[in-house]
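This is what each chain is made of:
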Protein chains: 2
Amino acid sequence: MTPTPFLVAVDVVVFAIRRGRLEALLVRRANDPYRGRWALPGGFVEAREDLEAAARRELREETGLADLHLEQLYTFGDPKRDPRGRVISAAYLAVAPPGKSAARAGSDAAAVAFHAARQPPAIAFDHAAVLAKAVDRLRTKSEYSTLPLRLLDSPFTLSELQRVYEVLLERPLDKRNFRKKMLALEALEETRGFRREGAHRPAKLYRLSPRSPNLLKEKGILFPF
Amino acid sequence: MTPTPFLVAVDVVVFAIRRGRLEALLVRRANDPYRGRWALPGGFVEAREDLEAAARRELREETGLADLHLEQLYTFGDPKRDPRGRVISAAYLAVAPPGKSAARAGSDAAAVAFHAARQPPAIAFDHAAVLAKAVDRLRTKSEYSTLPLRLLDSPFTLSELQRVYEVLLERPLDKRNFRKKMLALEALEETRGFRREGAHRPAKLYRLSPRSPNLLKEKGILFPF
DNA sequence: CCAAAAGTGTTGGCGTTACACCCATGG
DNA sequence: CCATGGGTGTAACGCCAACACTTTTGG
């Protein structure tokens, strides 16, 4: 008895901070099933393709986004999750800084747009559950990893970074403590540059230090404050 | 153009504490490929089967183990990971208390046995990577979740529990601090019973409290000590 | 000179770590 | 009565949270 063949898909939750909130990228489906519905970007894995490569390819094809930080999230395998038959989906989580989040509708997509990640519109398949899990994971990782830094263009100011954390954690943080802790990580590198904008003191610019540890745990440092 | 069909497998890393160390369950393969090699228990997902259900079924069929705590670990999809063709595998992590770890070789298994999880023998497919990832995950979760409690039969003594943590974290813990912190969680429930064995004072027995939170984080409590 | 955001230190409280002795039992 | 592991409290320390004013700039 030979095993059942499956179709294998990848879906990608791309997060960005926009309009002062956490948003995720959705595409309006150009084809059935769920034609016209919003859905996560994604599609079928090709014959000789690695899962992560498939996620990157689909993301690029449907939305034009590339070179994002990407990590595997969870694999969804409910037998009834796709009306076309037996489709399992490996979901990936991505974070896009503003400079890499200019999406344009590509193949299979009638439109692409960022939506409030915590109050998404009606979406196709089980993608609401996928999105919810991604939000949860991003929030959790915000408390012990440097993942949030990747939501900003480099270089960035500490105030910008603090706003990112505040959006992710949904609570205000103390400026002095934030800066103290963030600098203590030695994950940031000071640049020579300043951001001057508006009628106030210019802000120092930082970038993610090349060999910074990804996990704050290693230094025993945890957010929240 | 129709998408490539895949085979979908599940593999399970079952951990147990035995001989004072962390061990994982392996089966000796009865069939090609890799006949005669040790491998993780696992197999193909059936047509209308959920991934977790498949993991439980394969585990039961091959090793006789059932009713274990199970969680999804990671999905491995390297196109060359299986010589039979395009097979992706959703890996699961399970923990077995001594009372549920009496394995016996079942279908497809010439033998089953626990092996040192951190120095496994040569194993089939990419299962060494799967196992390594599982060890890493278990260790990490030991620092902020009550997962380790599930490596013991209930009820258990605090000394037994401490030994589990010490094996997982690979370092000695202070007895008084351990007890203080563990009891502060309110994850444990004191029973009426005592364990008397050997020539010393009997030890109080505890069980995992029914509604205990799974994540210590929620109480702001973290191991290490 | 005013508005606006950047930048900077100290302190009190709390939680964590470090540490040593008595208890209950079986043989 | 001795050996064995079970069980318990406290003090010093270090880390974290709370908190307000000065700096620099543009207009």
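Just so it is clear, the model here is predicted, and its values are computed rather than measured. (Residues numbered from 1 in each chain as written. Chains lettered and ligands numbered in written order. Predicted model: local features only at pLDDT ≥ 70, side-chain atom pairs only at ≥ 80, totals over all residues. Heavy atoms only, no water.)

Chemist: Give a detailed account of helix α1 (residues 51–63) of chain A, specifying residues and quantitative values.
Modeler: All names here are of chain A. Its 13 residues place the ends of α1 18 Å apart at the C-alpha level, agreeing with the 18 Å of an ideal helix rising 1.5 Å per residue. Within α1, burial applies to Leu51, Ala54, Ala55, Arg57, Glu58, Leu59, Glu62 and Thr63. Where α1 begins, the side chain of aspartate 50 points an oxygen toward the backbone nitrogen of glutamate 52, at a separation of 3.2 Å. Immediately downstream of α1, the backbone of glycine 64 shows phi near 80°, a positive value. (Helix = DSSP H or I, 4+ residues; strand = E, 2+ residues; numbered from the N terminus. Expected span 1.5 Å × (residues − 1). Buried < 20%, exposed > 50% of the residue type's maximum accessible area, 1.4 Å probe, protein only. Polar contact = N/O pair within 3.5 Å; in protein donor to acceptor, adjacent residues only side chain to side chain.)

Chemist: Give a description of the relation of the copies chain A and chain B that names residues and reports values.
Modeler: Superposition of chain A onto chain B requires a rotation of 180° combined with a translation of 0.0 Å along the rotation axis, giving an RMSD of 0.0 Å. Overall, the copies show the geometry of a two-fold rotation axis. Most of the interface of chain A is mirrored in chain B, where 100% of its interface residues are also at the interface. (Least-squares fit on C-alpha atoms with pLDDT ≥ 70 in both. Contact = heavy atoms within 4.5 Å.)

Chemist: Please provide a residue-by-residue account of the side chain of glutamate 71 of chain B, values included.
Modeler: Residue and element names in this part refer to chain B. Turning to its location among the elements, glutamate 71 is positioned in strand β5 (residues 69–76). Exposure remark for glutamate 71: the relative accessible area of 16% places this residue in the buried category. Reaching out from glutamate 71, the side chain makes a polar contact with the side chain of lysine 141 at a distance of 2.9 Å. Discounting chain neighbours no more than four positions away, the residues touching glutamate 71 are Tyr92, Leu93, Lys141 and Leu147.

Chemist: Can you explain the interface of chain A and chain B? Please cite residues and give values.
Modeler: Facing 26 residues of chain A, the contacting portion of chain B comprises 26 residues. Across the interface of chain A and chain B, roughly 2,200 Å² is buried in total on both sides, 62% from carbon and sulfur atoms. Between the two partners, chain A and chain B, sit zero salt bridges. At the surface where chain A touches chain B, the tally comes to 10 residue pairs in polar contact (both at pLDDT 80 or more). Counting residues per element, the ones that place at least two in the side of chain A that touches chain B are β1 (7–18) and β5 (69–76) of chain A. The leading source of residues in the side of chain A that touches chain B is β5 of chain A, at four residues. (Buried area = accessible area lost by both parts, 1.4 Å probe. Salt bridge = Lys/Arg side-chain N within 4 Å of Asp/Glu carboxyl O.)

Chemist: Any chance you could break down the packing of aromatic side chains for me, citing the residues and the numbers?
Modeler: Residue and element names in this part refer to chain A. Tallying each qualifying case throughout the model produces six aromatic pairs over all chains. Ring plane angle 65° and centroid distance 4.8 Å describe the contact between tyrosine 34 and phenylalanine 125, whose orientation is recorded as edge-to-face. Of the two residues, tyrosine 34 sits in the loop between β2 (21–29) and β3 (38–39) while phenylalanine 125 sits in the loop between β7 (109–116) and α2 (127–142), which places them 91 residues apart along the sequence. The class of tyrosine 34 is partly exposed, set by a relative accessible area of 32%. It is lysine 133 that lies over the ring of tyrosine 74; its NZ or CZ is 3.9 Å from the centre. (Phe/Tyr/Trp six-rings, centres within 6.5 Å; stacked < 30°, edge-to-face > 60°. Lys NZ or Arg CZ within 6 Å of the ring centre and 35° of its normal.)

Chemist: Which residues make up the nonpolar core, and what values go with them?
Modeler: Core analysis: the biggest nonpolar cluster contains 48 residues, and Val14 of chain A together with Val14 of chain B have the highest contact counts within it. Valine 14 of chain A has contacts with Glu23, Ala24, Leu25, Leu59, Leu65, Leu68, Ala94, Ala96 and Phe114 of chain A, leaving out every residue within four places of it along the chain. (Core = buried A, V, L, I, M, F, W, Y, C linked by side-chain atoms within 4.5 Å.)

Chemist: Explain the pattern of salt bridges residue by residue, including any values.
Modeler: Oppositely charged side chains are able to pair whenever their charged atoms sit close together. Enumeration according to the criterion identifies 36 salt bridges over all chains in this entry. Note that aspartate 11 of chain A and arginine 81 of chain A form a salt bridge whose closest N and O atoms lie 3.9 Å from each other. Remark: arginine 81 of chain A occurs in the loop between β5 and β6 (87–95) and aspartate 11 of chain A occurs in strand β1; sequence separation between them is 70 residues. By relative accessible area, which is 8% here, arginine 81 of chain A ends up buried. Between glutamate 49 of chain B and arginine 57 of chain B there is a salt bridge, with its nearest N and O atoms 2.6 Å apart. Looking at glutamate 49 of chain B, the relative accessible area reads 9%, which means it is buried. On the basis of relative accessibility, which here comes to 10%, the residue arginine 57 of chain B falls in the buried class.

Chemist: Any chance you could break down the environment of aspartate 174 of chain B for me, citing the residues and the numbers?
Modeler: All names here are of chain B. Following the sequence through the fold, aspartate 174 ends up in the loop between α3 (158–169) and α4 (175–184). Looking at aspartate 174, the relative accessible area reads 35%, which means it is partly exposed. On a C-alpha basis, the gap between aspartate 174 and alanine 134 in space is 26 Å, while along the polypeptide they are 40 residues apart. Among the polar contacts made by the side chain of aspartate 174, one reaches the main-chain amide nitrogen of arginine 176 at a distance of 3.1 Å.

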